[in-house]
Amino acid sequence: MGKRGSSTESSDDVARTLQVGDGDELRHRALAAAEERKRRPTCVVILGEDVGERQRITGSTFVVGRSSRADLVLRDPRVSSRHFRIEDRGDGFALIDLGSTNGTHVNGVRVAGEQVLAPSDRIELGDTVIRFELQDALDEAYDEALQRLIHVDELTGLYQRRRFDRELDELLARHGGAPVGLLVLDLDGLKTINDTHGHLFGAHVIAQTGKLIGRVLPADAIAARFGGDEFVVALPGHDLEASRQVAEQIHAAVRGFDFDHRGVALRPGISIGVACAPMHGQSRESLFTAGDRALYAAKHAGRDRVCVYGA
């Protein structure tokens, strides 16, 4: 018997396992693995109102600014509508300031015209700081998981308020004069459930309600948990009547759902206020004011019902 690891035995092993054509297959696998590891340019907001936002640069140009048509939209009021552009030059990436009011700085130095970017460069504009990164698939997966922690409510799977506010602002800007419905929702009876059975039972009701809302909503709608037992829904393209119908569907879903938990019967209600842009306001603040007033009307009318603002 030959020695373990001898050159003869190693040759035989290769002869037995590497068949004709395996060389091409190995080469294809190596190329596929290299492509998977390819580092892609990405902008990540690390400071400012939009902290946690990230956008991969996929085209030859990438615009950052407050305009709803920018590739990375920022809400910072000190950022210009089209603040700067990043260009793919083939052998690297260059940042070009687009005549912004407050200027663009890279690593603390103001950009005069254009600046070649390197990985981990800090781009400062207004009160926002963006890090330019070259990310592989593992980096992207980490960032996506981090974004979910920042933007998604773990209990319900809906957006958190910060993300919802951003999305609603963009919806109102993008839809112009087209209708955008807003529902403001509040669970009824949750305090009694918490006081009688404990907060784990209340958390169960909140979690199931969030999932019910997500299942009922149209595909293009967005929803968030605002904290506690409050929820909010935005309905692009829905006028006041269409928004009311969605509210009634959510109300019926909550009323008809079996919330029983650990053998305990739980019967929460839900009050919903309905408002609509542009008839009740064209900004997020004015729309929320109308939705809140409609919700209060539902509460004062006896709770567990849908009320439309102004009706």
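Since we're looking at a predicted model, the values are computed, not measured. (Residues numbered from 1 in each chain as written. Predicted model: local features only at pLDDT ≥ 70, side-chain atom pairs only at ≥ 80, totals over all residues. Heavy atoms only, no water.)

(A) Region of the structure containing the sheet that holds strand S14 (residues 222-227). If you trace the 6 strands from one edge of the open sheet to the other, you get S12-S14-S15-S13-S16-S17, paired in mixed fashion. Of all the strands in the sheet, the pair left with one neighbour each is strand S12 (159-160) and strand S17 (306-308). Examined bridge by bridge, S14 and strand S15 (residues 230-236) share 5 bridges and lie antiparallel to one another. Among the inter-strand pairings, Ala-223 is bridged to a residue of S15, identified as Val-233. (Pairing = 2+ DSSP bridges. Helix = DSSP H or I, 4+ residues; strand = E, 2+ residues; numbered from the N terminus.)

(B) Just the confidence of the model for the protein, in detail. When pLDDT is averaged along the protein, the result is 87; 86% of the residues meet or exceed 70. Long-range and interchain partners of residues 1-21, a stretch whose pLDDT sits below 50, account for 6 contacts in this model, where long-range means more than four residues apart. A low-confidence stretch, residues 33-37 (pLDDT under 50), is modelled with 3 contacts involving residues beyond four sequence positions or located in other chains. (pLDDT = per-residue confidence, 0-100. Contact = heavy atoms within 4.5 Å.)

(C) Region of interest: helix H4 (residues 161-175). Its 15 residues place the ends of H4 21 Å apart at the C-alpha level, agreeing with the 21 Å of an ideal helix rising 1.5 Å per residue. Buried residues of H4: Arg-163, Phe-164, Asp-165, Arg-166, Glu-167, Leu-168, Glu-170, Leu-171 and Leu-172, and no others. Gly-176, located one to two residues past H4, shows a positive phi value of around 55°. (Expected span 1.5 Å × (residues − 1). Buried < 20%, exposed > 50% of the residue type's maximum accessible area, 1.4 Å probe, protein only.)

(D) Main features of the nonpolar core. Within the largest apolar cluster, 31 residues are counted, with the highest numbers of intra-cluster contacts made by Leu-183, Leu-185, Leu-217, Ile-250 and Ile-272. Taken together, the elements giving at least two residues each to this core come down to strand S13 (180-188), helix H5 (190-197), helix H6 (199-216), S15, helix H7 (240-256), strand S16 (269-277) and S17. With residues up to four places along the chain from it excluded, the contact list for Ile-250 reads Leu-183, Leu-185, Ile-213, Val-216, Leu-217 and Ile-272. (Core = buried A, V, L, I, M, F, W, Y, C linked by side-chain atoms within 4.5 Å.)

(E) Examining H7 more closely. Taking 1.5 Å per residue, 17 residues should reach 24 Å; H7 reaches 24 Å between its end C-alpha atoms and fits that length. Of the surrounding elements, those touching the buried residues of H7 are S13, H6, S15, S16 and S17. By the N-cap criterion, in which a side-chain oxygen at the helix start approaches the backbone nitrogen of a residue two or three places on, H7 is capped by Asp-239, the distance to Glu-241 being 3.3 Å. (Polar contact = N/O pair within 3.5 Å; in protein donor to acceptor, adjacent residues only side chain to side chain.)

(F) Representation of the environment of Leu-125. With respect to the helices and strands, Leu-125 occurs in strand S10 (residues 122-125). C-alpha separation for the pair Leu-125 and His-105, spaced 20 residues apart in sequence, amounts to 6.6 Å. Once you skip the residues sitting within four places of it in the chain, Leu-125 turns out to touch Val-64, Leu-74, Asp-76, Val-79, His-83, Phe-84, Gly-103 and Ile-130.

(G) Up close: the pairing of strand S1 (residues 40-47). With 7 bridges joining them, S1 and strand S11 (residues 128-135) adopt antiparallel strand pairing. By the bridge assignment for S11, Pro-41 is matched with Leu-134. Sheet analysis places S1 next to strand S2 (residues 54-56), joined by 3 bridges and oriented antiparallel. Bridging across to S2, Thr-42 finds its partner in Arg-56. The turn linking S1 back onto S2 is made up of 6 residues, and Gly-48 within it adopts a positive phi angle of 125°.

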